[in-house]
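Listed here are the chains, written in short residue letters.
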Amino acid sequence: MIRRLEVEYRESARDDLTNIFRYTVESGGSPNAALRFVLRIEDRCQTSATHLVAVACATTSCRDCEPFRSSTPPS
C-alpha cells in the first residue's frame, strides 16, 4: 500500500485558500461551510499527490520509491 504523503503548500496557494474562504463567507456562506469547502480542497490536493507518487512508483524500480511501496508484495 502506498503511504500517504504530506502536501506542502506554497505561500501563494495558502493565500488562494484564504481568499476562497473569505469569498465564500462574504458571499453569504457560513464560516463553517467555508472551512469545510477549503478542507475538501486540501483533501483533494492530498489525494492527488499521493496518487501521483503511486503511479510514478508503480512504473519504476528506482530505490527512491522503495519507502512508498508496501513491504509485502501483492498476491
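See the structure shown above.
Residues numbered from 1 in each chain as written. Predicted model: local features only at pLDDT ≥ 70, side-chain atom pairs only at ≥ 80, totals over all residues. Heavy atoms only, no water.

> For the overall build of the protein chain, give the residues involved together with the corresponding values.
A count of helical and extended segments in the protein chain gives 2 helices and 0 strands. Looking at the protein chain residue by residue over its 75 residues, the buried ones come to 15%. Nonlocal contacts in the protein chain, meaning residues at least 24 apart in sequence, comprise 57% of its contacts between residues at least 6 apart. Accessible area of the protein chain: about 6200 Å², with a carbon and sulfur share of 55%. (Helix = DSSP H or I, 4+ residues; strand = E, 2+ residues; numbered from the N terminus. Buried < 20%, exposed > 50% of the residue type's maximum accessible area, 1.4 Å probe, protein only. Contact = heavy atoms within 4.5 Å. Areas by Shrake-Rupley, 256 points an atom, 1.4 Å probe, with all protein chains shown as cover.)

> Outline the pattern of salt bridges, listing residues and values.
Scanning the model with the defined rule gives 1 salt bridge in all. Across the salt bridge formed by Glu42 and Arg14, the nearest N and O atoms sit 2.8 Å from each other. A residue pair is termed long-range when its members are at least 10 positions apart, and Glu42 in helix H2 (residues 31–58) and Arg14 in helix H1 (residues 11–26) qualify at 28 residues. (Salt bridge = Lys/Arg side-chain N within 4 Å of Asp/Glu carboxyl O.)

It is worth stressing that arrangement in space is one thing and function is another; only the former is reported here.
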